[in-house]
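Summary of structural features
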Amino acid sequence: MRIIKAKDYKEMSRQGANIISAQVIMKPDCVLGLATGSSPEGIYAQLVEWYNKEDIDFSEVTTVNLDEYKGLNKENDQSYYYFMHKHLFDKVNINPDNTYLPNGIAEDPDAECVRYEKLIRSFGGADLQLLGIGRNGHIGFNEPSDSFDKAVHCVDLLESTIDANKRFFASADDVPKQAYSMGIGTILSAKKILLVASGEEKAEAVRASVCGPITPEVPGSILQLHPDVTLVADEAALSKMPK
Ligand code: F6R
C-alpha cells in the first residue's frame, strides 16, 4: 500500500483529486467507483474547480457508487443519489446516463443486489475505486462482522454507523436502518483503490486497516490484499500509525 501523508483535509482532498484526475486523463472513458460522506466532499469540490478551468473532462467517464440507503428515493436530500448530483454530477459534463448507484427504492431487494453486481462486473470492475473509511473500519457499508460479504448486498447498519451518520439527519430515528452496498469482492475487483481518511477519529481504523491482522472485524484490513491501493490521509488520521 502506498501512503501519501497530507497536512490536513484540504491537502488530502487535493492529493486525492490529483489521483482521480490522472486516471481520467490517462483513460478518458474510465469507470470511477465513487463514495459519499464527508471524506470525499473536498475531492469533488476540487475536481469541479479543475473542470471549471477546463483541466478535466468527464464526458466519457462512467461512475458506479459504492452504496445507497435502502428506502430513500432520488429526491430525498439524504440519498446518495442526491449527494452525488449535488457535489459532482450536476456540476461537471458527465453524462447522467453513465452514472450508476443502487436503487434505494427497488421493489425486490435481492434482485437489485444481483442487478447492481452484474452491472459493475459488466464493466470489468472500476478502474479506480474511491473509498472513505468508517470509525469502525467499515468500507462501503461492509460493517465489522465474522465474515466478508463478497457481492453487492443489503446491510443492516450498526448502531455505531447510524450514530456517526445521524449528523446528516434530523434525528438518529430518521437514519435508514439498511443500505445497499458493494461487497468486499466487488470493491476488490477494482483495478486501483484510493482510500482517503481525515481526522483523529479515523486514526484507529486507519492503523488497524493498514497494519493490523486481516479480519472481517475490520473490513478495511482486506485492502492489504489488493495489489494497488493508495491511502491519502492527513496527519491526524495517520497519528496512530507505528513510527
Ligand atoms: C460512503 C461510504 C462509507 C463512508 C464512511 C466514512 O459512500 O461508503 O463507507 O466512506 O462511512 O464516512 P465519512 O467520510 O462521512 O466519514
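Residues numbered from 1 in each chain as written. Predicted model: local features only at pLDDT ≥ 70, side-chain atom pairs only at ≥ 80, totals over all residues. Heavy atoms only, no water.

**Side note on the site of the ligand**
Around the ligand there are 14 residues in total, and S39, D67, H138, G140 and K202 lie nearest to it. For the ligand, an oxygen atom lies 2.5 Å from a polar atom in the side chain of S39. H138 is positioned with one of its side-chain polar atoms (N or O) 2.7 Å from an oxygen atom of the ligand. Coverage of the ligand by the protein amounts to 94% of the 410 Å² it exposes when considered alone. Structurally, the ligand is housed in the largest pocket. (Near = heavy atom within 4 Å. Polar contact = N/O pair within 3.5 Å; in protein donor to acceptor, adjacent residues only side chain to side chain. Areas by Shrake-Rupley, 256 points an atom, 1.4 Å probe, with all protein chains shown as cover. 1 Å grid on protein atoms, 1.4 Å probe; cavity = no way out; pocket = protein on both sides within 12 Å on 5 of 7 lines; lining within 4 Å. Sits in = over half its atoms within 2 Å of the grid points.)

**Regarding the sheet that holds strand β1 (residues 2-6)**
Judged by pairing direction, the sheet is parallel, and its seven strands sit side by side in the order β1-β10-β9-β6-β2-β3-β5 without closing on themselves. Of all strands in the sheet, those with a lone pairing partner are β1 and β5 (99-100), marking the two edges. Two elements, strand β2 (residues 31-34) and strand β6 (residues 128-131), share two bridges in a ladder whose sense is parallel. Across the sheet, the residue bridging to L32 is L128, located in β6. Helix α2 (residues 38-52) rests against β2, β6 and β9 (192-197) of the sheet, and its axis sits at about 125 degrees to β6. (Pairing = 2+ DSSP bridges. Helix = DSSP H or I, 4+ residues; strand = E, 2+ residues; numbered from the N terminus. Contact = heavy atoms within 4.5 Å. Axes fitted to C-alpha atoms, helices over the stretch in contact; angles between N-to-C directions.)

**Observations regarding the pairing of strand β8 (residues 178-181)**
Pairing of strand β4 (residues 67-69) with β8, which is carried by three bridges, proceeds in the antiparallel orientation. Paired with Y69 across the strands is A179, a residue of β8. Of the strand pairs in this sheet, strand β7 (residues 153-156) and β8 are connected by four bridges, and their pairing is antiparallel. Directly across from V155, in β8, lies its bridge partner A179.

**Some details on the side chain of D234**
With respect to the helices and strands, the residue D234 is situated in strand β10 (residues 229-234). Separated by 3.0 Å, the side chain of D234 and the backbone nitrogen of G199 make a polar contact. Each residue touching D234, except ones within four places of it in the same chain, is listed here: A6, K7, D8, Y9, A197, S198 and G199.

**A look at helix α7 (residues 203-211)**
Every buried residue of α7 is accounted for by A203, A205, V206, A208, S209 and V210. Buried positions along α7 lie against β1, β9 and β10. (Buried < 20%, exposed > 50% of the residue type's maximum accessible area, 1.4 Å probe, protein only.)

**Considerations on the sheet that holds β8**
Read from one edge to the other, the open sheet built from three strands follows the order β4-β8-β7, with strand pairing classed as antiparallel. Where the open sheet ends on each side, the last strands, each with one partner, are β4 and β7. In this sheet, adjacent strand axes meet at a mean angle of 25 degrees when their direction is disregarded.

**Observations concerning the layout of surface pockets**
Approximately 760 Å³ is the volume attributed to the largest pocket. Around the largest pocket sit 38 residues that line it, and G37, S38, N165, R167 and F168 are the ones nearest its centre. Where the lining of the largest pocket is concerned, the elements lending two or more residues are α2, β4, α3 (80-87) and α5 (159-165). Among the elements that line the lining of the largest pocket, the one with the most residues is α3, at five residues. Each residue belonging to the lining of the largest pocket can be placed in one class, and the counts come to 14 nonpolar, 16 polar and eight charged. Approximately 230 Å³ is the volume attributed to the second largest pocket. At the level of elements, α3 and β5 are the ones that each hand at least two residues to the lining of the second largest pocket. For the lining of the second largest pocket, the per-class residue count stands at seven nonpolar, five polar and four charged. (Points joined across faces, edges and corners; volume = space filled by probe spheres on them. Nonpolar A, V, L, I, M, F, W, Y, C, P; charged D, E, K, R; others polar.)

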